[in-house]
Amino acid sequence: MRRLKALLARVPAPCIRFLAAAVSFLAGLAVALMFDYLLYRIGLPSKPFIYVSF
Amino acid sequence: MSPPNPSFPPPARFGWIHPRCFLGGIVFGLGVLALVGWKLSRTDYHPGFVRFHSMISPEGNYYPTLDEMCAIARAKCRPGQVLVIVGGNSILLGVWQRAEDVWTRRLQELLGDRYCVVNFAFRGGSPTDGGAVVAEALRREFPRQILIVNEAAVTNVESFGHGPYRYIFWQGYFGGRLMDAPKREARIREYLRDYPEQRLPILETRISTWFDAALHYHDFWNWVTVECFGTVPSYREQYFPYFLRPRRVYPDPEVDGTDPAYRDHHYPLSSLDAEMRIMRGLSVYYHREPSGRWVLSERSTSDLAMYSDEAFPEPLKKRTLVLICGSSPYYRRLLTDDERAMVRQTYADTVATWRRVGYPAMDYGWDFTAEDFGDRTHLTKLGGWKLAAQVAPEVSAMAKRLGYLK
């Protein structure tokens, strides 16, 4: 972690801004994916369907 | 040594997160997922589809969508062919029949290339579930279509599906894909009046359908479940990590009922009482005249006629073949002569009622042997092939009557 911080500290400011924007965008994508999956799971019945025939 | 970078860490209030980029990512992500889902909803990702076996049906916690089923029908049926959709329950699904022997394959062989048979039956399904909704949703795209469904004798059919498969009806209904059917509308209103506790779940379904119509997440995640990895545990598979396997790797698990290995499973003594009660239970709808004739009660007659009449929209009745399923002679032979006559009468009355309200209908199974059945109602491949042989001429006759073969 310390090494990462040291590495980032050496990155020029415009690059850091771009990196932060990219990370934010990717985080947004990840949240969108999770939200989409959440909507899907909410839409599934909570009670299992167990078929029994006589 | 390089001088300290004043931009690190970023001075924003949210640290590394830029709110605009973050929100942009969410909107972009949802947009892309919706687009992919929309595309997938029009793609058949079940190549070589035979039927919805237990790992790709609600039994396996997999809920095929209406669009997914329509895509399968579109992929299978060429322009110019008559689309024959098989709905109904496990009997028409082909329980006790391996995928390669299933009766619908035999039906396809018998009907020939002018027809395309697609099996959309589900275990425990009713005539108005799955296949029926798909057929209605595709009525304009495939105007030359025949729907085959089945039901037990003297059984009322709800016009808007039932049980675990009703979600397919709601997808079509709230998605505006079904016909205007005043009788069905009235039945739904009556249902909501009689079962007020169902209003909230149906409202939730309605909202969910709207969201899904915009975002197509069911189609997207169903595709992921089939093609990439399991997204939901299956009740028919061990838990983690097994449920992560994509559903496409699971073979159709249905076994061949004629295999001697399953002989003991067909008519187990443990279920004899239950099976006989089911068969004899039909007598509650009947009374016996002094002449010995069994007569269906007035109430049951009118109920059966009303439910059958409302089951499908009026213009779709003529293209819906209703099969009334017979029971295995293994159990029939255990009935008294009187009881057998009563059971026979229930089938005759049920077929007559469906016909009276406008459907082609037939019963089957009375000339089948115990080996044609895998249990009381399900057919082995031998019975399935006999069924196909009886249904094929009826389907051809219907196609001719409806002017599909011009």
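Here the structure is a predicted model, which is why all the values come from computation and not from measurement.

Reading the values: the criteria
- Residues numbered from 1 in each chain as written.
- Chains lettered and ligands numbered in written order.
- Predicted model: local features only at pLDDT ≥ 70, side-chain atom pairs only at ≥ 80, totals over all residues.
- Helix = DSSP H or I, 4+ residues; strand = E, 2+ residues; numbered from the N terminus.
- Buried ≥ 20, exposed ≤ 12 C-beta atoms within 10 Å, placed from the backbone.
- Contact = placed C-beta atoms within 7 Å.
- Nonpolar A, V, L, I, M, F, W, Y, C, P; charged D, E, K, R; others polar.
- Axes fitted to C-alpha atoms, helices over the stretch in contact; angles between N-to-C directions.
- Parallel < 35°, antiparallel > 145°, perpendicular 65-115°, else oblique.
- Left-handed = near helix turned anticlockwise from the far one by under 90°.
- pLDDT = per-residue confidence, 0-100.
- Pairing = 2+ DSSP bridges.

1. A closer look at the overall build of chain B
And step 1. Helix and strand content of chain B: 15 helices and seven strands.
And step 2. Across its three principal axes, chain B shows a C-alpha extent of roughly 110 × 50 × 50 Å.
And step 3. Among the 406 residues that make up chain B, the fraction classed as buried is 47%.
And step 4. In chain B, the share of contacts with a sequence separation of at least 24, taken over all contacts with a separation of at least 6, comes to 77%.

2. Notes on helix H2 (residues 66-76) of chain B
Because each turn of an α-helix spans 3.6 residues, side chains separated by three or four positions in sequence point in the same direction.
All names here are of chain B.
And step 1. The element H2 is largely enclosed, with a buried count of eight among its 11 residues.
And step 2. Residues Leu66, Asp67, Glu68, Met69, Cys70, Ala71, Ile72 and Ala73 constitute the buried set of H2.
And step 3. In this structure, the buried side of H2 is in contact with helix H1 (19-41), strand S1 (82-86), strand S2 (115-119), helix H5 (130-137), helix H6 (166-174) and helix H9 (217-228).

3. Re the interface of chain A and chain B
And step 1. Taken residue by residue, the interface counts 32 residues in chain A and 43 residues in chain B.
And step 2. Elements represented by at least two residues in the side of chain A that touches chain B include exactly helix H1 (2-9) and helix H2 (13-43) of chain A.
And step 3. With 20 residues, H2(A) is the largest single contributor of residues to the side of chain A that touches chain B.
And step 4. Classifying every residue of the side of chain A that touches chain B by side-chain character gives 25 nonpolar, four polar and three charged.

4. Structural notes on the packing of helix H4 (residues 103-111) of chain B against helix H15 (residues 381-401) of chain B
Residues and elements named next belong to chain B.
And step 1. Contact pair H4 / H15: the axes reach a minimum separation of 8 Å and the direction vectors enclose 40°. By the angle class used here, H4 and H15 are oblique. Once H4 is placed against H15, the crossing between them reads as right-handed. Every residue of H15 that contacts H4 at Trp103, Arg106, Leu107, Leu110 and Leu111 is listed here: Gly384, Trp385, Leu387, Ala388, Ala389, Val391, Ala392, Val395 and Ser396.
And step 2. Grouping the constituent residues of the contact of H4 with H15 by class yields 11 nonpolar, two polar and one charged.

5. A few points about the confidence of the model for chain B
And step 1. Averaged over all residues, the pLDDT of chain B is 93; the fraction at 70 or higher stands at 97%.
And step 2. Quick note on the complex model: pTM equals 0.92, ipTM equals 0.86.

6. Details of the pairing of S2(B)
Along any regular strand, the residues point their side chains to alternate faces of the sheet.
Residues and elements named next belong to chain B.
And step 1. For S2, the tally of buried residues reaches four of five residues, placing the bulk of the element in the interior.
And step 2. Inspection of the sheet shows S1 paired to S2 by five bridges, in the parallel sense. Paired with valine 84 across the bridge in S2 is valine 117.

7. Some thoughts on unusual backbone geometry
All names here are of chain B.
And step 1. In this structure, asparagine 61 takes a positive phi of about 60° despite not being glycine.
And step 2. Relative to the helices and strands, asparagine 61 is located in the loop between H1 and H2.
And step 3. Despite not being glycine, valine 154 shows a phi value in the positive range, around 45°.
And step 4. When you line up the elements, valine 154 lands in the loop between strand S3 (145-151) and H6.
And step 5. Given 23 C-beta atoms within a 10 Å radius, valine 154 is considered buried.

8. Considering the packing of H2(A) against helix H8 (residues 199-215) of chain B
And step 1. As a packed pair, H2(A) and H8(B) sit with axes 11 Å apart at the nearest point and diverge in direction by 140°. Between H2(A) and H8(B), the angle is such that the two are oblique. When the axes of H2(A) and H8(B) are compared, the crossing they make is left-handed. In this structure, H2(A) uses Asp36(A), Leu39(A) and Gly43(A) to contact H8(B), whose residues at the interface are Ser208(B), Phe211(B), Asp212(B) and Leu215(B).

9. Concerning the sheet that holds strand S6 (residues 320-325) of chain B
Residue and element names in this part refer to chain B.
And step 1. Spatially, five strands are ordered S2-S1-S3-S6-S7 in an open sheet, and the strand pairing comes out parallel. Two strands close off the open sheet at either side, each with one partner strand: S2 and strand S7 (361-364). Taking each pair of neighbouring strands and ignoring which way they run, the sheet shows an average axis angle of 20°.
And step 2. Pairing of S3 with S6, which is carried by five bridges, proceeds in the parallel orientation. Bridged to valine 149 within S6 is valine 322.
And step 3. Sheet strands in contact with H5 are S1 and S3, and its direction is about 160° off that of S3.
And step 4. The sheet strands contacting helix H14 (residues 337-356) are S6 and S7, and the helix crosses S7 at an angle near 160°.

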